[in-house]
Each structure stands twice: as structure tokens, then as C-alpha cells.
Amino acid sequence: MVLKVFFPSCCSLADSGILIGRWLSEQSSAVVLAVVHFPFIPVQVKQYLGEVQHMTKVSVSVLGSWSNSKQEKEEGLSEFLEDLGTIFSHEPWIQISKEGDSKFWSCSTLQKHSSSPKEEEVILVYYDQRKVMLSHLHPPLDTADGRAEDASKLSAIFDTVARSRVLFMTDRYDEGPIKLTHWQSEGVEASIIVELLKQASVPACMLLTFLLSLVSGICRSRVLKFWPLSFLRSKLSTCEQLGHRLQHLQVISSNKKAQTQTQLMRKANIFVSLLIDVALGILLMTWLYRKNRIGHLADTLIPVADHVAEELQDLLQWLMGAPAGLKMNRALDQVLGRFFLYHIHLWISYIHLMSPFIEMILWYVGLSACLGLTVALCILSDIIALLTFHIYCFYVYGARLYCLKIYGLSSLWRLFRGKKWNVLRQRVDSCSYDLDQLFIGTLLFTILLFLLPTTALYYLVFTLLRLLVVIVQGLIHLLVDLIDSLPLYSLILRLCRSYRLAAGVKFRVLEQQDGKPLRLLMQINPLSYGAVVQTYRLPTYSCYPKDSWASLCKKLFLGKLIYPWKHKGEKQD
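The name given to the protein chain in an unreviewed UniProt entry is PIGQ acetylglucosaminyltransferase, and the organism recorded there is Neopipo cinnamomea.

Encoded structure:
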């Protein structure tokens, strides 16, 4: 039988004493947590361990003895250490001894209460107590080949060290009767700045909670649920992003303590994401208000809008002629061209009517960047949607007209085959038609078929223009989702303190000597950056359509409307 002893490397220089820790019988492993120095009173040690066990819910006990003979070996020390096994009855009793500065230790076990004691092979595993306590062991993504069982064994060791935090809060400056050696025995790690922030966070969270309750109460008022305010809230991405950030602020300011490591990391990721978002927004705002860039942007916006309108007029004039040598239906071509030209004329008039107020609008829009870069990007997306509203109208008109002709042709094609669509049963049934119905159907089918190329060309051109706007808005929302969902705190933690996010451990074999136990060094394997993003990725408010390329091509062929994204609760057309 092999006995594994996990020994903290920080205790290798500790004075002689007894080893306290936890015995894992199902793994035949002993996790050493600290060394109690001589002199001590056994009753006080048992009382202290009972208090620790009551607070941590970890079965901490005396595992054995530790002998560090820095000079010549003291006579009678080994007998005294063996006698301690009768006071602290633990099976097996582990004896570890170190002679001088030698790195090869002696390790043996005693089983006094066993009828047939057997010599057990001992493996000495060194581990960094500080890293193991501060790290969080993540379960493997691939649970095949017995990895889940190995992870559960490792998690028991990590959990033992993490839950024994109370044991590590005593250092050499405490005036208690028991002196311990562990990773904080030289002094408890603390920061005055962190403690001050903890004290100041309580009233700040209370004030923030009160303000958020007022804002959320206003947002839930009945006035905002009436049309058209409810319609605008569902369509404007700025409102969705503000609601999303409001939920994040409510999570951060909550007085409820995080129960698990995942909840704690989620709060930290949200806080860092908000902090960086606001910092980037303030940088953008300072850049906009320097050297009158708002005025230059407003002066550039009107000429750009006029140039786009002129290009659309030239495109329509090209379509009203013989585009690419195609022969179109002249009457329908002229009607559609003049209809869209009139819309462009209305759009130019609307832009010039709003031109005196554009600089003031942009000035107030620039102030919204203090709420975060994502809010500014969402406002930019909404402005693009408003400035390209005429292109969206062209796309809707062309799509509806094209869709009407496609459905008309499909219905008349069923008429030729003696079929019809059963609305109640949602299937195609046989049907007999008389001569007049077939004659009228033939005329309508011929008219729609010869008018289809003209309609399809307008639909194709305006669909490409619409897709260009959709791609620009999609890139903006992709950047917003990236800022919202990226776990920045976890990535920074992975970069600076990779041991905090443990994916597993690896054991390195140290130098060996005959007659001495096998020595291993346990090292922490950090999570990969991809696994960090996959594990701690934050949810976003917008959900992009999951349609395949075949489904998108089918929608384009049938003339169905395609949106760049859809919000929660909104059905895709």
C-alpha cells in the first residue's frame, strides 16, 4: 500500500513539533497543513484543533511528528516523538525527520493498534500552500478516461487547504500558547488600501442600491409600457444596453454575499468590465470635445448625406435605363424609379431641415459617452439606423413586392397542376378548376412572370444596400457584445496570477536517494485563455440569428425580411 503525504514547502525550515492536517482515508493520503512547535501542552492542542474543526468543518487532527535536527541528532528526541503517538491516537502515525541541511528526508509510519503492522511505501509530495489555498480548481471540460475521478481526488486536497483559512490567520506575533508554522506564520498578508475599500464599499453600495431602485422603478412605470414608448424601447439598442448595464449595477451593489467562486468571479468580471467601459467612454468624450471635433463632425455629416443621396439617385437613373444591357419592363421600371426618387427627395429635405440642430444633437450625444463606450456605440448604431432609414424603406418595399409576386407565381403554378393550398390542414390538396379559372390564371401567371425580372432587380439592388448597412451595424454590435461579455478580470488574473485559475496539477520527480521516500513536487496547471473565456463569459442582451447559410439564402429568395439581430422576446420574421 502506498501512502501519500502532501507536505507544504513553507514548513521545510520549521522547528521540531507535530504535524496537523487532514487524513483522507479513501485516497490513503495525508494533507499536512501546519507544524506545531515545541513546547506545547497536548490538552491545549486538542482544544485548539476542536475549535478549528468547528469553524472550518474540516476534520483536522494530529497526523504525526516532525523532527528538524539542525545540529547533531538530539538523543531521546525520536523516543519522545514516538510516545506522542500514544497521546494523539492517529493511525497511521507519520514520522518525518530532516537532518541538517539535507534535502533527503526520512519518512516512516507506525501502526501501534494494528495486529499485523505492515511497512508502507511513502511518497512525499511538496506543494505551495499559498498557491493551493488561493487557487480555484476547475472541473475538466472533457470528463472521459477517468479524468473526473482524478479531478475529484485533487479537489479534496484543494478544498482541505482552502477551507482551513482560519488556521492560517495566526502568526508568530500572536501571544497564544500554540505556535504554528505555515505560509503566513511570518505575518498575515493584508493591505491597508483593501481594508479601507472594504469599509467604504458598504455605504457606497447602500447609496447605489437606493439610486438604482429609483431608476428601476421609473423604468417599470406604466407610462413607458404604452405605445409608442414601448415600441421605441424594444427597437433602440441604446435602451437595451442601458437596461443591460442597469442589471450589472444591481448585481454589483447587491448586499448578498457570493456563495461560490463562480459568483464571485462573475461580480469581479462585471465590475472590471464596467470600469474599463466607462474609462474608454471618458477617453472618447475628451477626444470629441477637443479642438471642436463635434463641430467638424456636424459640418461633415450634411455633405456626406447629400453625397449618399446623389449616389442613390444615379443608381436609380441607371436602373430606369438598361442596367447591364438587360431589357426591363419600361412602364413598371419608370413607376418604381420615380417612386424611389420621390422618397430620396423627401429624405434630402428632411436632412436639410434638421441641419441647424445636428451640432447640438451631437454635442449632447457626446456627453452620453461618460456612461460607457458601449452606450456611445449603441447610440452610433441607432444614428446609422436613422440616417439610413430611406434605404430600409426601399428594401422593405422591394422585398414585399418581390415576395408578393413569388407567392402569386407559386399559387398560380399549383393551379396549372390542379392543386391548391389547404389553409386548414396546412398541406397541398388536389382541386378541379373550370376553364374560366384556368384562363384567368394563365393570364395572371404570364403577367407576373414577365414583370418578375424588373422587380427582382430592384429587390436585389436594395437588398445589397441593406446588407451593407446591416454589416456595419453588426460590426458595431459585435464590438459592444465583446466588451459586455469578455471576462476581463479573469483574463487579467490568468495573465498576472495564473495559479488562481487551476485546470489541474502536474507532478515533477525530484532528485532521489536510495533508502529514502520518493519525492514529488506538485505544480499547478493554469487554465488556457480559451477555457477562461468559455468558463467566465458574461451573457449579452442581443442574440444574433442562428440561421444557416441555406436558411438565409431561402429567405432572400422568398423575399422575407432579414434583420441584423433580434432582441429577447422579439420574433424573427
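Now, onward.
Engineer: Help me understand the pattern of salt bridges, please; the structure alone is not making it clear to me.
Structural biologist: Any two side chains of opposite charge can pair, on the condition that their charged atoms come close. Tallying each qualifying case throughout the model produces four salt bridges. Residues aspartate 277 and arginine 245 are paired through a salt bridge, measuring 3.1 Å at the closest nitrogen-oxygen approach. With aspartate 277 in helix α8 (residues 261-288) and arginine 245 in helix α7 (residues 237-252), the pair connects residues that are 32 residues apart, well separated along the chain. Owing to a relative accessible area of 1%, aspartate 277 belongs among the buried residues under this scheme. A residue is classified by how much of its surface remains accessible, and arginine 245, at 5% relative accessible area, is buried. Arginine 245 is the salt-bridge partner of aspartate 484, the closest N and O atoms lying 2.8 Å from each other. Here the residue aspartate 484 occupies a position in helix α13 (residues 435-485), and arginine 245 occupies one in helix α7, the gap between them amounting to 239 residues. Here aspartate 484 and arginine 245 have matching classes, each one buried. Each member of the salt-bridge network shares a partner with another, and the members are Arg245, Asp277 and Asp484.

Engineer: Would you mind going over the side chain of aspartate 277 with me for this structure?
Structural biologist: There is a polar contact of 2.7 Å between the side chain of aspartate 277 and the side chain of threonine 374. In this structure, aspartate 277 is in contact with Arg245, Gly372, Leu373, Thr374 and Ile483, ignoring residues within four places of it in sequence.

Engineer: Mind showing me how you'd approach the pairing of strand β11 (residues 427-430) here?
Structural biologist: Successive side chains on a regular strand alternate, one facing one side of the sheet and the next facing the other. Pairing of strand β10 (residues 419-422) with β11 involves four bridges; the strand directions are antiparallel. Its bridge partner being in β11, asparagine 422 is matched across the sheet by arginine 427.

Engineer: Which parts of the structure should I look at to understand the confidence of the model for the protein chain?
Structural biologist: Any region with low pLDDT has predicted coordinates that should not be read closely. Confidence along the protein chain averages 80 in pLDDT terms, with 80% of residues attaining 70 or more. Counting contacts from residues 565-573, a segment whose pLDDT is below 50, to residues more than four positions away or on other chains yields 26 contacts.

Engineer: Explanation requested: α13 in the structure shown.
Structural biologist: For an α-helix, 3.6 residues make a turn, and residues three or four places apart therefore share a direction. Here α13 contains 51 residues, and its C-alpha end-to-end distance of 64 Å is more than 12% below the 75 Å for a straight helix at 1.5 Å per residue. Leucine 452 marks where α13 bends most, by close to 40°; the proline proline 453 follows one to four residues later.

Engineer: Hey, could you run me through unusual backbone geometry in this one?
Structural biologist: Phi is mostly negative for residues that are not glycine, and the peptide bonds are mostly trans. You will see that serine 28, though not glycine, has its phi angle at about 55°, which is positive. Tracing the chain through its elements places serine 28 in the loop between β2 (17-24) and β3 (29-37).

Engineer: For this particular structure, what's the right way to read the packing of α7 against helix α11 (residues 373-387)?
Structural biologist: Relative placement of two packed helices is described by the angle separating their axes and the distance separating the axes. As a packed pair, α7 and α11 sit with axes 8 Å apart at the nearest point and diverge in direction by 160°. Taken together, the axis directions place α7 and α11 in an arrangement best described as roughly antiparallel. As α7 packs across α11, the resulting crossing turns out to be right-handed. Each of Ser237, Thr238, Gln241, Leu242 and Arg245 in α7 lies in contact with α11, whose residues at this interface are Thr374, Val375, Cys378, Ile379, Ser381 and Asp382.

Engineer: Got a minute to help me understand the pairing of strand β1 (residues 2-8) in this structure?
Structural biologist: Of all seven residues in β1, five are buried; the element is thus mostly enclosed. As defined by bridge partners, β1 adjoins strand β7 (residues 121-127) across seven bridges and the pair is classed as parallel. Counterpart to phenylalanine 6 in the pairing with β7 is valine 125. Here β1 runs beside β3; their pairing, made up of three bridges, is parallel. Within β3, the position partnered with lysine 4 by the bridge is serine 29.

Engineer: Even after reading the chapter, I still don't get the nonpolar core, so can you show me in this structure?
Structural biologist: A general feature of soluble globular proteins is that nonpolar side chains tend to end up buried together. Core analysis: the largest hydrophobic core is formed by 42 residues, its most contacted members being Val45 and Leu167. Per element, the largest residue contribution to this core is five residues, and it comes from helix α4 (residues 147-163). Those residues in contact with leucine 167 that sit more than four places away from it in its chain are Ile20, Leu33, Ala34, Tyr48, Val52, Leu180 and His182. Ranked by size, the runner-up nonpolar core spans 26 residues in total, among them Leu312, Leu332, Leu341 and Tyr458.

Engineer: How should helix α9 (residues 293-319) be read in this particular structure?
Structural biologist: Here α9 contains 27 residues, and its C-alpha end-to-end distance of 39 Å stays within 8% of the 39 Å for a straight helix at 1.5 Å per residue. Along α9, the positions that sit buried rather than exposed are Ile294, Gly295, Ala298, Ile302, Ala305, Ala309, Leu312, Leu316 and Leu319. Against the buried residues of α9 lie α8, α10 (330-367), α12 (389-416) and α13.

Engineer: Would you explain the environment of tryptophan 413 in this entry?
Structural biologist: Relative to the assigned elements, tryptophan 413 resides in helix α12. Residue classification places tryptophan 413 among the partly exposed positions, given a relative accessible area of 46%. For the pair formed by tryptophan 413 and glycine 441, sequence separation is 28 residues and the distance between their alpha carbons is 8.8 Å.

Engineer: How should I be thinking about the packing of aromatic side chains in this particular structure?
Structural biologist: Remark: the centre distance and the inter-plane angle together describe each pair of aromatic rings, the angle taken between the planes. For the structure shown, the criterion picks out 18 aromatic pairs. Relative to tryptophan 105, the ring of tryptophan 66 has its centre 5.2 Å away and its plane inclined at 65°; by these criteria the two rings are edge-to-face. Pair noted here: tryptophan 66 is in strand β4 (residues 60-69) and tryptophan 105 is in the loop between β5 (93-99) and β6 (106-110), with a separation of 39 residues, a long-range link. Arranged with centres 5.7 Å apart and planes meeting at 85°, the rings of tyrosine 289 and tryptophan 363 form a pair that is edge-to-face. Here tyrosine 289 is found in the loop between α8 and α9, whereas its partner tryptophan 363 is found in helix α10, with 74 residues between them in sequence. Taking NZ or CZ as reference, arginine 494 lies 4.6 Å from the ring centre of tyrosine 529, over its face.

Engineer: So what exactly am I meant to see when it comes to the packing of α10 against α11 here?
Structural biologist: The contact between α10 and α11 brings their axes to 13 Å, and the two run at 170°. Relative to α11, the element α10 lies roughly antiparallel. Contact residues: Trp347, Ile351 and Val365 in α10; Ile379, Ile383, Leu386 and Leu387 in α11. Across the contact of α10 with α11, the residue classes break down as seven nonpolar, no polar and no charged.

What counts, and at which threshold
Residues numbered from 1 in each chain as written. Predicted model: local features only at pLDDT ≥ 70, side-chain atom pairs only at ≥ 80, totals over all residues. Heavy atoms only, no water. Salt bridge = Lys/Arg side-chain N within 4 Å of Asp/Glu carboxyl O. Helix = DSSP H or I, 4+ residues; strand = E, 2+ residues; numbered from the N terminus. Buried < 20%, exposed > 50% of the residue type's maximum accessible area, 1.4 Å probe, protein only. Polar contact = N/O pair within 3.5 Å; in protein donor to acceptor, adjacent residues only side chain to side chain. Contact = heavy atoms within 4.5 Å. Pairing = 2+ DSSP bridges. pLDDT = per-residue confidence, 0-100. Expected span 1.5 Å × (residues − 1). Bend = angle between axes of the 7 residues up to and from the residue. Axes fitted to C-alpha atoms, helices over the stretch in contact; angles between N-to-C directions. Parallel < 35°, antiparallel > 145°, perpendicular 65-115°, else oblique. Left-handed = near helix turned anticlockwise from the far one by under 90°. Core = buried A, V, L, I, M, F, W, Y, C linked by side-chain atoms within 4.5 Å. Phe/Tyr/Trp six-rings, centres within 6.5 Å; stacked < 30°, edge-to-face > 60°. Lys NZ or Arg CZ within 6 Å of the ring centre and 35° of its normal. Nonpolar A, V, L, I, M, F, W, Y, C, P; charged D, E, K, R; others polar.

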